[in-house]
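Spelled out from the first residue to the last, the chains are:
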Amino acid sequence: MATSSAYRWNRYRAARFTGRFFLHLVLIVLGLIMVFPLIWMVFSSLKPSLEVISPEFHLLPRTWTLRNYVRVFEEVKMGRGYLNSLIVATAVTFSVLLSATTAGYMFSKLKFKGREALFFVVLGSVMVPPQIVLIPLYILVSKLRWIDTYQGIAFPFLMNAFGIFLMRQFMYGIPNDLLEAARIDGASDFRIYFSVILPLVRSSIAVLGILIFLWTWDEFLWPLVTVTGNEMKTLPLLMAHFTQAEQKFPGDSLAGATLVIGPVLVAYAFFQRHFVRGLSMTGLKA
Amino acid sequence: MSTEALLLLKKRRKPLNSFILLVALVVLVYYTLVGIWPFLYNIWLTFRKTDLITEDKWIGLSNYAYMFTDPIFWKALWHNAYYLGVMVITGIVTSLIFAALIYRTKGAARKIYTALFFAPVVTSMVAVSLVWTLLYFPKIGLFAQVISGLFGVSRDKLVFLQGTGSALLCIMIMDIWRDTGIRTVIFLAGMDEIPDSLYESAHMDGASQLRQFFGITLPLLTPQLAFIAAVYSINAIRVYVPIYMMTGSPPGGPANSTMVLTLHMYLSAFYGQRFGYGSAISMVMFVILFGLVLLEIRAFQQRWEY
Amino acid sequence: MKHLRNVLLVALLLLLALSVGAQGKNIPEPKAKVKLDWWYQDWSGGINWIKEYIPVFEKKHPNVAINLIPVPFGDLYAKFIPSIAQGNEADILFGYDEWLLGKDVSKLFTPLTPTLMSKEEFKEYVYTPPLKNVTAKDGNIYGLPALTGANAFGFTYHKDLFKQAGVSAAAVKSWDDLKAASKKLTVYNADGTIKRSGILFTYTEAANALLDMIQMQGARDKLLDKKTNTWNFSIPEAKKALETFKWFVDNKTFDPQSGDPFQSFPNKIGAMLLIGPWNVGGTMTNFPELEVSYLMMPPFPTANDKLVLGSVVSYGTYFASKRLKGDKLNGALLLFKEIMTNPADFCDIPFYKKPPLWVGAVALKKYVDELAKRPADKMNEFAQTALTATQKGLPAINTLDTRISEPILIRQVIHPEMVNVFFGKKSVDDALKYMSDFLTKQEKQLAQ
């Protein structure tokens, strides 16, 4: 009897082990499939253009070359594109964080006449993203003489309703006693904002910041409409150059893509936790 | 005076608060400039025929009448709807499966799998579209080789982005791939919150794994499901970047088989010099988005309340 | 006697006036340094061409500095009119005349007549057809056409593949020859599918070629009836044209699903590629390791043997912003004057490079006259090609009087229907009917 139960236990353990083995196998394979396009991208960017599209597959280049990267920097001026994207994304992130925290504080903790109406306006703005009102925005920005300028590119994104909602939601959770205590000490709302509210939502700020930065970095349609000269093009517009150019060099496309994706992936590798938290903040509870 | 009395006094006075004034004013001005005014002007434009400079005249409902009979508009609308259906359903199903698998792991392994699945999410959609376009090179590209090798399909049939039936589907597959990680993580987080005790008691009652999944996991993931459905529905209506990048020349793919509303709007306005008509298309998109955003807000509320 | 003297006096005065007018007005040099931004379509041939010309011009006019800004075609097209509307266009603009179809050009640019020279004199420098779309109602001219744009010019081909297949480019003199050559050049897989197409058709050029073929058969007025704004593709000429293209698919010498032709061709997935003038030197410059040459479009079987270069032909035209004043305006006018009065300095650049930067018909009449008189030892094959293309074809071109913009006409309607026919999704008749219906609707809407 003891033998048969030990046998059954071993079989159970074996079955569980096999089960776990296959589970991990499947997940590893799936995981690799998920990242394979990115791996292929990096290796193929080091192949000459004529080799990228080849009827026989080989992951590693037969001829290693940096020519694609050189050409991408010289002819497509990626360096300038990086700068532009960086400036715009940083400015927008800063602006959104500032506006979201102040407006979030205002909407969550400060009562005033017309608060509901104003919140309704912000809510409504979600329904008219730049995409929908592209043409009027373009006309407005032209009249302000902001075509081909950083402020023109950043303008529709300086405040973000989603950020305001998020901060408002978080700040609801801040106990009112803290605020009252500060007020009794004579602190103005500005003071309260800086010294009490901000420190308490630090982690959410980091997370929202990453989110906004990534979104702005990848923004395409609005910059397409508002930038004409190559000097002011952000990275996505330079990428579009690869599909619109009269002669398409696959190697260049991949080098460009690697240069755009690479740094973010590297940052992701180090700060993975924050990225994951941030980007799923859209669905997670506080 | 007692503290309470002081507090009461402060409350009753309600002085003109410069903080509120500043912030509220800035918010109001900004959203008027970026939201209210453009929206009204957009409506105004839909009744006009204009190229912004050499002509600008009132034509009433003519743009809408034309839209009704514009085959490309209906094609675009259909494509967006198709995109929505496939994205939402396939996206949810695949992410659920992956989440269910990863859920069963823990510790370092789980972190690694999550990291792998999530990596495509942080990539630039623009750049990634370029990569996939090359992978999809018809007949001799990498995907063609793999699929014909694994499934024995003749390479000649594997035209991907060059086929009127397959182009949009190929783009959708890329889009699903890219955001799988985010959906998986959301579902995972939801699954993590389900107490083990529920599963244990179900196990006691003899329920199989599958039964437990459909009976416990899925219903408790309803808020996440609703949320993801809403978000990706909105994405599908607004989709533009992968279409433009992967089937940008000619724009809209072979025989307009990847034409979508945003692209049609952009082309009509900037390529066709018909800004009134472009605005009309954007108004239709607005109406559709309006409905979907209402859905999303309801899902979002549910999420928080839950 | 007195009568004769008066006549002589008048004749002398007239001669004097003409000789002064013949130089154009005297445009003063800018007193201070001016910088002019020039938007130019970003294609390597064109950009390299202008880059070489600018120092030549600046040497003669040291106070004028030209800043060349390459803009990709899509952006340039999309931004052209809107930026003028908003007042942030560049000082000098490159654009295609057919973008201005049906528009009042006097609202868009600075007039070049009578500021630069009289209308009559201007017409001595430039052929008439290119001027059609840039002339306002009052007869004044608002742009300087220089070159023909994207239309079906000919085919680039791989020399080594031609040699392998035993095909001689010089022997391709008709569409029948083209068909035969494509058959010889196609390579098949073991299962009968196409491994390498004998011929590849690009998108816009193929659609342009279709319209050309219809026109070449003399059916221009049947195709588009301007009085009723009706398009009619269901005519035998259109059917013949579309069926010609379909022949290549049906006879398996053209695989329409072998990838973007501009990527497939360098990768030798096709032996020949239909191109426009803008790309003649393109493949040769970008892939110097390939042995590529070009042959011109053979005439389509037709009663009219004139080589029609384009029905929706676009003339690359230079414009001056209407916001220019004073020294800046003079700087721009000087540029135009220089190109017009010393055209060889400008137009020789693309032809006398190996590979050529661009080959096509030239709109500048004085240059073509000069080429015709040039001694044989100073000519080269590309200049000769340009000469032939212009003399034979350009004066006879009559662009279609449609208000539909080229990108919509070609890319949204005609090419997609050609694709439907190539993929076997629609019959030729159905495609022709669809094009007629759709374009008529658009034409009527635009004529409102």
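Since we're looking at a predicted model, the values are computed, not measured. (Residues numbered from 1 in each chain as written. Chains lettered and ligands numbered in written order. Predicted model: local features only at pLDDT ≥ 70, side-chain atom pairs only at ≥ 80, totals over all residues.)

Asks: Is there a simple way to explain the overall build of chain B in this structure?
Replies: Helices and strands together make up the secondary structure of chain B, namely 14 helices and 2 strands. What you see for chain B is a C-alpha radius of gyration of 25 Å, clearly larger than the 19 Å of a compact globule of 306 residues, by over 25%. Referenced to the eigenvectors of the C-alpha coordinate spread, the extents of chain B come out at roughly 75 × 70 × 30 Å. Per-residue burial for chain B yields a buried fraction of 50% across its 306 residues. The long-range fraction of contacts in chain B, counting pairs at least 24 apart against all pairs at least 6 apart in sequence, stands at 69%. (Helix = DSSP H or I, 4+ residues; strand = E, 2+ residues; numbered from the N terminus. Rg over C-alpha atoms; globule rule 2.2 N^0.38 Å. Buried ≥ 20, exposed ≤ 12 C-beta atoms within 10 Å, placed from the backbone. Contact = placed C-beta atoms within 7 Å.)

Asks: Looking at this model, I keep getting lost on the overall build of chain C. Mind explaining?
Replies: On a plain count of helices and strands, chain C comes out with 17 helices and 12 strands. Per-residue burial over chain C gives 54% buried out of 448 residues. Within chain C, residue pairs in contact and separated by at least 24 positions form 80% of the contacts whose partners lie at least 6 positions apart.

Asks: Sorry, what's going on with the interface of chain B and chain A here?
Replies: A common measure of how large an interface is: the accessible area buried when the components associate. Listed by partner, the interface residues are 74 residues for chain B and 72 residues for chain A. A per-element tally of the side of chain B that touches chain A places helix H2 (residues 18-46) of chain B first, with 16 residues. Considering only residue class, the side of chain B that touches chain A consists of 55 nonpolar, 16 polar and 3 charged. (Nonpolar A, V, L, I, M, F, W, Y, C, P; charged D, E, K, R; others polar.)

Asks: Sorry, what's going on with the confidence of the model for chain C here?
Replies: With 90% of its residues at a pLDDT of 70 or more, chain C has an overall mean of 84. Taken element by element, chain C is modelled with least confidence in helix H1 (residues 2-22) of chain C, mean pLDDT 57, and with most confidence in strand S3 (residues 92-96) of chain C, mean pLDDT 93. (pLDDT = per-residue confidence, 0-100.)

Asks: Looking at this model, I keep getting lost on the pairing of strand S2 (residues 64-71) of chain C. Mind explaining?
Replies: Walk down a regular strand and you will see the side chains alternate between the two sheet faces. Residues and elements named next belong to chain C. Judged from the 8 bridges that link them, strand S1 (residues 34-41) and S2 form a sheet pairing that is parallel. When the sheet's bridge partners are listed, Leu36 is paired in S2 with Ile66. Handedness of the crossover joining S1 and S2 through helix H2 (residues 44-60): right-handed. (Pairing = 2+ DSSP bridges. Right-handed = clockwise from strand over helix to strand, strands pointing away.)

Asks: Can you walk me through the interface of chain B and chain C in this structure?
Replies: If you look at the interface, chain B gives 29 residues, while chain C gives 31 residues. Looking at the side of chain B that touches chain C, the elements that each hand over two or more residues are helix H3 (62-68), helix H4 (71-103) and helix H13 (261-271) of chain B. When grouped by side-chain class, the residues that make up the side of chain B that touches chain C number 15 nonpolar, 10 polar and 4 charged.

Asks: Would you take a moment to explain the sheet that holds strand S5 (residues 154-158) of chain C for this structure?
Replies: Whether parallel or antiparallel, the strands of a sheet pair through hydrogen bonds between backbone atoms. All names here are of chain C. Pairing is antiparallel in the open sheet, where 3 strands are placed in the order S10-S5-S11. Of all strands in the sheet, those with a lone pairing partner are strand S10 (272-275) and strand S11 (292-296), marking the two edges. Across the sheet, the mean angle from the axis of one strand to that of its neighbour is 30 degrees, orientation sign disregarded. Where S5 meets S11, 5 bridges bridge the pair, whose relative direction is antiparallel. Note that in S11 the partner of Gly154 across the bridge is Met296. (Axes fitted to C-alpha atoms, helices over the stretch in contact; angles between N-to-C directions.)

Asks: How should the packing of helix H8 (residues 161-172) of chain A against helix H11 (residues 202-217) of chain A be read in this particular structure?
Replies: The packing of two helices is summarised by the inter-axis angle and the distance between the axes. Residue and element names in this part refer to chain A. Closest axis-to-axis distance for the H8/H11 pair is 11 Å, and the angle between their directions is 170 degrees. Relative to H11, the element H8 is oriented roughly antiparallel. As H8 packs across H11, the resulting crossing turns out to be right-handed. Every residue of H11 that contacts H8 at Gly163, Leu166, Met167 and Phe170 is listed here: Ser204, Leu208 and Ile212. Residues that form the contact of H8 with H11 fall into these classes: 5 nonpolar, 2 polar and no charged. (Parallel < 35°, antiparallel > 145°, perpendicular 65-115°, else oblique. Left-handed = near helix turned anticlockwise from the far one by under 90°.)

Asks: I would appreciate a short explanation of helix H9 (residues 236-250) of chain C in the present structure.
Replies: Residue and element names in this part refer to chain C. Taking 1.5 Å per residue as the helical rise, H9 with its 15 residues ought to reach 21 Å, and the 20 Å between its terminal C-alpha atoms agrees with that figure. Thr244 marks the point of greatest bend in H9, at about 25 degrees. Next to the buried residues of H9 lie helix H6 (175-185), helix H7 (203-216), helix H8 (220-223), helix H16 (406-422) and helix H17 (428-446). Lys252 lies just past H9 and shows a positive phi near 50 degrees. (Expected span 1.5 Å × (residues − 1). Bend = angle between axes of the 7 residues up to and from the residue.)

Asks: So what exactly am I meant to see when it comes to the domain arrangement of chain C here?
Replies: Residues and elements named next belong to chain C. Partitioning chain C into structural domains gives domain 1 (27-149 + 313-388) and domain 2 (154-311 + 403-446). Here the C-alpha centre of domain 2 lies 29 Å away from the C-alpha centre of domain 1. When the residues that make up the side of domain 1 that touches domain 2 are grouped by side-chain class, the tally is 11 nonpolar, 8 polar and 1 charged. (Domains from an automatic or database assignment.)

Asks: Help me out: how do you make sense of unusual backbone geometry in this one?
Replies: Glycine aside, a negative phi is what most residues show, and trans is what most peptide bonds show. Going from C:Thr113 to C:Pro114, the amide bond is cis rather than trans, its omega being -5 degrees. Even without a glycine there, the phi angle at B:Gln273 is positive, about 60 degrees. Its place among the elements puts B:Gln273 in the loop between H13 and helix H14 (275-305).

Asks: For this particular structure, what's the right way to read the packing of helix H13 (residues 343-351) of chain C against helix H14 (residues 365-373) of chain C?
Replies: Residue and element names in this part refer to chain C. With their axes 9 Å apart at the nearest point, H13 and H14 run at an angle of 75 degrees to one another. For the element pair H13 / H14, the angle class is roughly perpendicular. Where H13 approaches H14, its residues Pro343, Ala344 and Cys347 are matched on the opposing element by Lys366, Tyr367 and Glu370. Looking at the contact of H13 with H14 residue by residue, the class counts come to 4 nonpolar, no polar and 2 charged.

Asks: Would you take a moment to explain the environment of A:Leu238 for this structure?
Replies: Residues and elements named next belong to chain A. Here Leu238 shows up in helix H13 (residues 235-244). Taking the C-beta count within 10 Å as the criterion, Leu238 has 23 such neighbours and is therefore assigned buried. Spatially, the C-alpha atom of Leu238 lies 8.5 Å from that of Gly256, the residues being 18 residues apart in sequence. Setting aside residues no more than four positions away along its own chain, Leu238 makes contact with Val76, Met78, Gly81, Lys233 and Gly256.

Asks: Looking at this model, I keep getting lost on the sheet that holds S3(C). Mind explaining?
Replies: Residue and element names in this part refer to chain C. An order of S2-S1-S3-S12-S4 is seen for the 5 strands of this open sheet, with the pairing classed as mixed. A strand with exactly one partner marks an edge of an open sheet, and here the two such strands are S2 and strand S4 (144-148). Here the average twist between neighbouring strands, direction ignored, is 25 degrees. Against the sheet, helix H3 (residues 73-86) engages S1, S2 and S3, with an angle of about 115 degrees to S1.

Asks: Help me understand the nonpolar core in this model?
Replies: For soluble globular proteins, nonpolar side chains are generally found buried alongside one another. Ranked by size, the top nonpolar core spans 302 residues in total, and within it B:Val131, C:Leu210, C:Phe336 and C:Leu364 carry the most contacts. Leaving out residues up to four positions away in the same chain, C:Phe336 has contacts with C:Leu112, C:Leu116, C:Leu144 and C:Tyr318. (Core = buried A, V, L, I, M, F, W, Y, C linked by C-beta atoms within 7 Å.)

Asks: What am I meant to see in the confidence of the model for chain B here?
Replies: In regions of low pLDDT, the predicted coordinates are not meant to be interpreted in detail. Taken residue by residue, chain B gives an average pLDDT of 86. The fraction at 70 or more is 92%. Mean pLDDT values for the elements of chain B range from 56 in helix H1 (residues 3-13) of chain B up to 93 in H4(B).

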